[in-house]
Amino acid sequence: MKKLLFKMIIVLLVIITGFCGYYGYLGYQIYQDKIQEQSLSERVNQLKSKEDYVTLDQISPIYKEAVLESEDRRFYQHGPVDYYGLARAMFINITTFSFKEGGSTITQQLAKNLYFDYQPSYLRKVSEIFVAYDLEKKLRKKEILELYVNVINYGDNHIGIYEAAHGYFHKEPSELTIDEATLLAGLPQSPSNYQLSNHYKEARLRQKQV
């Protein structure tokens, strides 16, 4: 009985290893294709050249803290990938037969927004991990956070903190109050479900979590 169980475990490990290797290979190929189409430096410079791009010192400190607390509280402690958070998210998704948990760091979310679409898939997540490692090789954490808040979607067609602050509150990102900053920080988790035009109540509930 013990020998049979041991063999089953070995077979399972081989299958898992093969599965991970296959997805890793496909994900790397997608990553290579994206980088060849447009290098990371070019993509970053393109984003920074936008007229509505804002630097971290032009953004409310409260908003920055709220983003870190709601999206990636260990951002400055872990690397491109928070493997504990990723394993937890995968376990929840597998056991619930859903894709509700992302487990992505801010660096991974930036990678996704720079190169990939929003369709959930494990293959895309593998590809974004390769980009995330490139990002943290070439940029400091503060630069990554700055790019992140300038590229994420806040709903109602507001991309980036400048558009969100002006579109929702008609003010500069540096002028956001505690209430406004914490409200905006919760929107990127699911812009279509929290955008203020038609999901104001849900956005307020999300704000309480932030």
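Structural notes, computed from the coordinates. All values derive from a computational prediction rather than experimental measurement. (Residues numbered from 1 in each chain as written. Predicted model: local features only at pLDDT ≥ 70, side-chain atom pairs only at ≥ 80, totals over all residues. Heavy atoms only, no water.)

The subject of this paragraph is the nonpolar core. If you look at soluble globular proteins, the nonpolar side chains tend to sit buried side by side. Counting 45 residues, the largest nonpolar core has Tyr63, Leu135, Leu145, Tyr154, Ile161 and Leu184 as the members making the most contacts within it. If you list the elements that add at least two residues to this core, you get helix 2 (40-48), helix 3 (61-71), helix 5 (106-115), helix 6 (122-138), helix 7 (141-151), helix 8 (161-169) and helix 9 (178-186). When residues of this core are assigned to their parent elements, the largest contribution, six residues, is made by helix 7. (Core = buried A, V, L, I, M, F, W, Y, C linked by side-chain atoms within 4.5 Å. Buried < 20%, exposed > 50% of the residue type's maximum accessible area, 1.4 Å probe, protein only. Helix = DSSP H or I, 4+ residues; strand = E, 2+ residues; numbered from the N terminus.)

Here we take up the side chain of Ser104. Of note, Ser104 is situated in the loop between helix 4 (83-96) and helix 5. A polar atom in the side chain of Ser104 sits 3.4 Å from the side chain of Glu128. If sequence neighbours within four positions are ignored, Ser104 has contacts with Glu71, Gln109, Lys125 and Glu128. (Polar contact = N/O pair within 3.5 Å; in protein donor to acceptor, adjacent residues only side chain to side chain. Contact = heavy atoms within 4.5 Å.)

Under the defined criterion, the tally for this structure stands at nine salt bridges. Glu71 is the salt-bridge partner of Arg206, the closest N and O atoms lying 3.8 Å from each other. Placement of Arg206 in helix 11 (residues 200-209) and of Glu71 in helix 3 is noted, with a sequence separation of 135 residues between them. Neither Arg206 nor Glu71 differs from the other in exposure class; each is buried. Note that Glu128 and Arg124 form a salt bridge whose closest N and O atoms lie 3.4 Å from each other. (Salt bridge = Lys/Arg side-chain N within 4 Å of Asp/Glu carboxyl O.)

What follows deals with the packing of aromatic side chains. All told, the structure shown has six aromatic pairs when counted by the stated rule. Taking the centre distance of 5.0 Å and the plane angle of 70° together, the rings of Phe75 and Tyr76 count as edge-to-face. Residue Tyr76 is classed as partly exposed on the basis of its relative accessible area, which comes to 39%. Judged by centre distance (6.4 Å) and plane angle (55°), the rings of Tyr168 and Phe169 are tilted. (Phe/Tyr/Trp six-rings, centres within 6.5 Å; stacked < 30°, edge-to-face > 60°.)

Next up on the list: empty space enclosed by the protein. Summed over all chains, the structure comprises one cavity of 30 Å³ or more. One number sums up the size of the largest cavity: a volume of about 40 Å³. Along the walls of the largest cavity sit Leu47, Lys50, Asp52, Tyr53, Asn150, Ile159, Gly160, Ile161, Tyr162 and Glu163, which together make up its complete lining. A per-element tally of the lining of the largest cavity places helix 8 first, with three residues. For the lining of the largest cavity, the residue count by class is five nonpolar, two polar and three charged. (1 Å grid on protein atoms, 1.4 Å probe; cavity = no way out; pocket = protein on both sides within 12 Å on 5 of 7 lines; lining within 4 Å. Points joined across faces, edges and corners; volume = space filled by probe spheres on them. Nonpolar A, V, L, I, M, F, W, Y, C, P; charged D, E, K, R; others polar.)

Attention now moves to the side chain of His158. One can find His158 in the loop between helix 7 and helix 8. Residue classification places His158 among the buried positions, given a relative accessible area of 15%. Those residues in contact with His158 that sit more than four places away from it in its chain are Ile152, Asn153, Glu163, Ala164, Gly167 and Tyr168.

Moving on: helix 3. If you check which residues of helix 3 are buried, you get Tyr63, Lys64, Ala66, Val67, Leu68, Ser70 and Glu71. Elements that come into contact with the buried residues of helix 3 comprise helix 5, helix 7, helix 8, helix 9 and helix 11.

What follows deals with the environment of Leu184. Mapped onto the elements of the fold, Leu184 is located in helix 9. When its relative accessible area of 0% is taken as the criterion, Leu184 is described as buried. Sequence spacing of Leu184 and Tyr63 is 121 residues, and the spatial spacing of their C-alpha atoms is 7.9 Å. If near-sequence neighbours (up to four positions away) are discounted, Leu184 is found in contact with Tyr63, Tyr154, Ile161, Ala164, Ala165, Tyr168, Phe169 and Leu176.

So, about the environment of Val126. Mapping Val126 onto the fold places it in helix 6. According to the relative accessible area criterion, Val126 is partly exposed, its value standing at 21%. Remark: the alpha-carbon pair of Val126 and Gln108, spanning 18 residues in sequence, is separated by 9.9 Å. Not counting residues within four places of it along the chain, the set of residues in contact with Val126 comprises Tyr23, Gly24 and Gly27.

Time to look at the packing of helix 8 against helix 9. At a closest axis distance of 11 Å, the pairing of helix 8 and helix 9 adopts a crossing angle of 120°. Between helix 8 and helix 9, the angle falls in the class oblique. Between helix 8 and helix 9 lies a crossing of right-handed hand. Touching Ile161, Ala164, Ala165, Tyr168 and Phe169 of helix 8 are Glu180, Leu183 and Leu184, all from helix 9. (Axes fitted to C-alpha atoms, helices over the stretch in contact; angles between N-to-C directions. Parallel < 35°, antiparallel > 145°, perpendicular 65-115°, else oblique. Left-handed = near helix turned anticlockwise from the far one by under 90°.)

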